[in-house]
Amino acid sequence: MTKGANVGLADLSEDAGTVIASLSWSSAAGDGDADVSVLLLDAGGKVRGDADFFYYNNPSAADGSVQLLGKTPTDGGSEDRISLDLTAVPEDVERLVVAASRYGGSRFGDLDDLRMTVADRSGEVLLGFSIGDASVESAFIFGELYRRGTEWKYRAIGQGYETGLAGLATDFGIDVDDEGENEAAEVADEAVEVADEASEVADEASDGAAEEAAERVTDPGDGEGAAPAVESAGAAQPLPAVPAQPGPQTATAEQPAAAAPAPAPKRPRARTAKKKVTLPAVATKSLAENDSWRAARLFPASNLKSDKEREVRATSVLLSVMAQVPEFGRRLTAAFGAPAGRMQTFTEVSLPHGETPKRPDGVIRVERAGKLWTALVETKTNGNALRSEQVQNYMDIAARRGYEAVITLSNDVALEGSPLVEVKTDGRRKHKVALWHLSWAEVAHQAQMLIRHEGVGNAAHAWLLQELLHYLQHENSGCHGFQNMGPSWVPVRNGIDEETLSQGDPRAVEVVESWERLIRQVCLRIGGELGQKALPVQRTQRGTTALSRRAAHADRLCEEGRLAAELRVEGSPGTITIVADLRTGKLRTSVEIPVPEGAYPLTSAKRLMRQLAEAPADLHVETLVEGQNGPRGTLERLRPEPGDVLPRDGGRITGFRLSLFKSMGATRGNAETGFIRSVDNAVDRFHSHVIAHLAQAERRTRRTPAPEPGSAPVPAPAGA
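Residues numbered from 1 in each chain as written. Predicted model: local features only at pLDDT ≥ 70, side-chain atom pairs only at ≥ 80, totals over all residues. Heavy atoms only, no water.

Draft legend 1. A look at the sheet that holds strand 7 (residues 95–101). Strand order across the open sheet formed by six strands is 1-11-10-7-3-4, with antiparallel pairing between neighbours. Of all strands in the sheet, those bounded by a partner on one side alone are strand 1 (6–8) and strand 4 (53–54). In terms of strand pairing, strand 3 (residues 35–41) meets strand 7 through seven bridges, oriented antiparallel. Its bridge partner lying in strand 7, Leu41 is registered against Arg95. Along the sheet face, helix 1 (residues 164–171) touches strand 3, strand 4, strand 7, strand 10 (139–148) and strand 11 (151–161) and points at about 25° away from the line of strand 10. (Pairing = 2+ DSSP bridges. Helix = DSSP H or I, 4+ residues; strand = E, 2+ residues; numbered from the N terminus. Contact = heavy atoms within 4.5 Å. Axes fitted to C-alpha atoms, helices over the stretch in contact; angles between N-to-C directions.)

Next comes the structure, spelled out in structure tokens:
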């Protein structure tokens, strides 16, 4: 579609009552991101209230009309999907505006392939609109769905805002709080951090004066006498500044107060107060006499003896919780085109199919306005693979009976371009059946997001989700997520050891696909635990397909013997890189921390050592120097002498690379000594012992204010 064009949804599909709007973009650097939002507008073009603004902090409507489904990795970037149940939209809402925004100074001109698509409930794309003229805008309206009589139409808009989400939202009557909301824990930390920050400022002033003096001695002809301002390496979400404490002296012209770094812009928040129930961060003290007492559970798993029992129990547990916790059921089915309505679930239903009836593991039915949406469910646990013949039977049954979808559920993670099962569809049939896949890791992720971070309607719903999570995580449930690198793992490892693996070997592609599934699962797990977006980063050129990208990765694996991936976790100071070296049997997790432009090298080194005060002693620190390899060493060696990390020839430092190494598991499975478990442990240790400390220190740096008039200046070092 072209900008300004419009089209009726009913003219494109008979199944347009519920649609999936997708906003996508790509970035050559792999680090581009944006947040989607939806606004419900009345006949006057304004929201009826702040609750009509749906975004990352208010992701769903109580009536089910809007559900933000989150981000999905794509070949070159990411895609944000939104479920819109047009039959549930209140009658006094005339338009649904779909927008996206960036923050922290980022602009849409830095992204490529900006595009919005709308698909019907079967997943068939009905329309697409691309934005090709983005430049300095930090917010964009991609399009809108609006009423025309009893029908809904789509209009391609492509209007940008240089004022970001705040400007966009204000235009439609949203009361935006640009200052954000302080987290209670962060506010409590500020008091104990003030002393540390004062020490850091003093150190920086001392280091700067000393280095400047040294430069004058070595280069007396240099007339640049002013010390450059110290900048902090910023990331997306600064916290409020700590008020400066008044001192007994007053800054004078001869002793100017040091300027603090300007905080980066925040994500603006709408004032959408919405009471939700989450589980407490600290578990209630147990009344058990000792650890041998086991808490009673709603869904016991210890007595399961066969895979069939596990499949039956897992299906029943999941479907029952979906029906009883509306937020959870809606979260899982909205992406599959289900309407918002009354849900009922069933297990072991017998359906006629030729001479032998078939019994899918489950059935999901949703009723909305007298219409039914029905999906058949096929479940697998442990390492059992989905069978194409079985799924094909269910697709045929669904088509004959007028059902809308077949949902497969297993520990496998679906990838673009690599279907888990092959099925055939009869193009002569008017009724279309959609085939969708869920991994158990995604089910656990959505449950965690609701009860740990976003909240549900009441305490009983939170408890049910907690019991579901406990069941999924039980060692005997068989629902632990991706757990096998596949039959090609051992031959590929042996081929790399013996240097007999050649480029173009299809077994290498299979290993790369398994590696990609593992990284997707790691992102789901970390995102659920932290309540933050976590996505794999794809650095690809335009026009690259998933198959060609995996083939190129497989060729590098054959040549270099390494598997590599990058993860972007919201709130982290940089992209996390993980490399599995199959030749050495080592896993390396790392992150690159940039040095602020104009900062003194020794100041940067000392600041880094302070930030890593609680990091492991075996953390490797490597200095990134323009055009050459910089000094490196372990944190244990560098802590007493931070200057040892500086290049002796005075080369310009661009940043530091921090790395942890650990031995790689050998076996292909999910055992304690297996490869999958070793990757999980490596990422967990690196994030909790390195990334978390860096992020906390960065937030403290942004809260440090410039001294106010009347405060004491930082004393200069003796002899300066």
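Here the narrative resumes, following the displayed structure.
Draft legend 2. Region of the structure containing the packing of helix 4 (residues 326–333) against helix 6 (residues 440–454). For the pair helix 4 and helix 6, the least separation of the axes is 10 Å and the interaxial angle reads 140°. By the angle between their axes, helix 4 is oblique relative to helix 6. Where helix 4 crosses over helix 6, the handedness of that crossing is right-handed. The residues of helix 6 that touch helix 4, namely those facing Glu327, Phe328, Arg331 and Leu332, are Val443, Gln446, Ala447, Met449, Leu450 and Glu454. Taken together, the residues that form the contact of helix 4 with helix 6 break down as six nonpolar, one polar and three charged. (Parallel < 35°, antiparallel > 145°, perpendicular 65-115°, else oblique. Left-handed = near helix turned anticlockwise from the far one by under 90°. Nonpolar A, V, L, I, M, F, W, Y, C, P; charged D, E, K, R; others polar.)

Draft legend 3. The confidence of the model for the protein, seen in detail. For the protein, the average pLDDT comes to 82, and 81% of its residues sit at 70 or higher. Long-range and interchain partners of residues 208–265, a stretch whose pLDDT sits below 50, account for 91 contacts in this model, where long-range means more than four residues apart. Contacts of residues 704–720 to residues separated by more than four positions or lying in other chains number 36 contacts, the stretch itself having pLDDT below 50. (pLDDT = per-residue confidence, 0-100.)

Draft legend 4. Broad picture of unusual backbone geometry. The phi torsion at Ala369 lies on the positive side, around 55°, for a residue other than glycine. With respect to the helices and strands, Ala369 occurs in the loop between strand 15 (362–368) and strand 16 (371–379). Unlike most non-glycine residues, Asn382 shows phi in positive territory, near 50°. With respect to the element layout, Asn382 can be found in the loop between strand 16 and helix 5 (388–401). Residue class for Asn382 comes out partly exposed when judged on its relative accessible area of 23%. (Buried < 20%, exposed > 50% of the residue type's maximum accessible area, 1.4 Å probe, protein only.)

Draft legend 5. Molecular detail of the pattern of salt bridges. Overall, the coordinates contain 36 salt bridges when judged by the stated rule. Ionic pairing is found between Asp15 and Arg121, a salt bridge with its closest N-O pair at 3.2 Å. One end of the pair, Asp15, is in the loop between strand 1 and strand 2 (18–26); the other, Arg121, is in the loop between strand 8 (112–119) and strand 9 (125–131), and 106 residues separate them in sequence. Overall, the relative accessible area of 7% leaves Arg121 in the buried class. The salt bridge partner of Glu672 is Arg677, with a shortest N-O separation of 2.7 Å. Classification of Arg677 as partly exposed rests on a relative accessible area of 25%. Ionic contacts of the salt-bridge type, sharing partners, join the residues Asp33, Asp35, Lys71, Asp80 and Lys533 into one network. (Salt bridge = Lys/Arg side-chain N within 4 Å of Asp/Glu carboxyl O.)

Draft legend 6. Seen up close, the nonpolar core. Core analysis: the biggest nonpolar cluster contains 58 residues, and Trp515, Leu658 and Phe675 have the highest contact counts within it. When sequence neighbours within four positions are dropped, the list of residues in contact with Phe675 reads Met485, Trp489, Trp515, Leu518, Ala580, Leu587, Met664, Gly665, Ala666, Thr667 and Gly669. With 46 residues, the next largest nonpolar core counts Leu304, Leu319, Trp440 and Ala444 among its residues. (Core = buried A, V, L, I, M, F, W, Y, C linked by side-chain atoms within 4.5 Å.)

Draft legend 7. Just the environment of Pro360, in detail. With respect to the helices and strands, Pro360 occurs in the loop between strand 14 (342–347) and strand 15. Sequence separation between Pro360 and Glu378 is 18 residues, and the spatial gap between their C-alpha atoms is 5.8 Å.

Draft legend 8. Layout of the sheet that holds strand 15. The sheet built from five strands is open, its strands ordered 14-15-16-17-18 with mixed pairing. The strands lining the two open edges of the sheet, one partner per strand, are strand 14 and strand 18 (434–439). The sheet shows a mean angle of 20° between the axes of neighbouring strands, direction not considered. Pairing analysis gives five bridges linking strand 16 to strand 17 (residues 405–410), with the strands arranged parallel. Its bridge partner being in strand 17, Val377 is matched across the sheet by Ile407. Packed onto the sheet, helix 3 (residues 307–324) meets strand 14, strand 15, strand 16 and strand 17 and runs at close to 165° relative to strand 14.

Draft legend 9. Looking closely at the packing of helix 9 (residues 506–530) against helix 10 (residues 546–560). For the pair helix 9 and helix 10, the least separation of the axes is 8 Å and the interaxial angle reads 110°. Comparing their axes, helix 10 and helix 9 come out roughly perpendicular. Contacts between helix 9 and helix 10 involve Ala508, Val509, Val511, Val512, Glu513, Trp515 and Glu516 from the former and Arg549, Arg550, Ala551, His553, Ala554, Leu557 and Cys558 from the latter.

Draft legend 10. Expanded view of the packing of aromatic side chains. Applying the stated rule across the entire model yields seven aromatic pairs. Each ring, one from Phe140 and one from Phe142, has its centre 6.4 Å from the other, and the planes form 70°; the classification is edge-to-face. You'll find Phe140 and Phe142 in the same group, each marked buried. One cation-aromatic arrangement involves Arg155 over Tyr146; the distance from NZ or CZ to the ring centre is 4.1 Å. (Phe/Tyr/Trp six-rings, centres within 6.5 Å; stacked < 30°, edge-to-face > 60°. Lys NZ or Arg CZ within 6 Å of the ring centre and 35° of its normal.)

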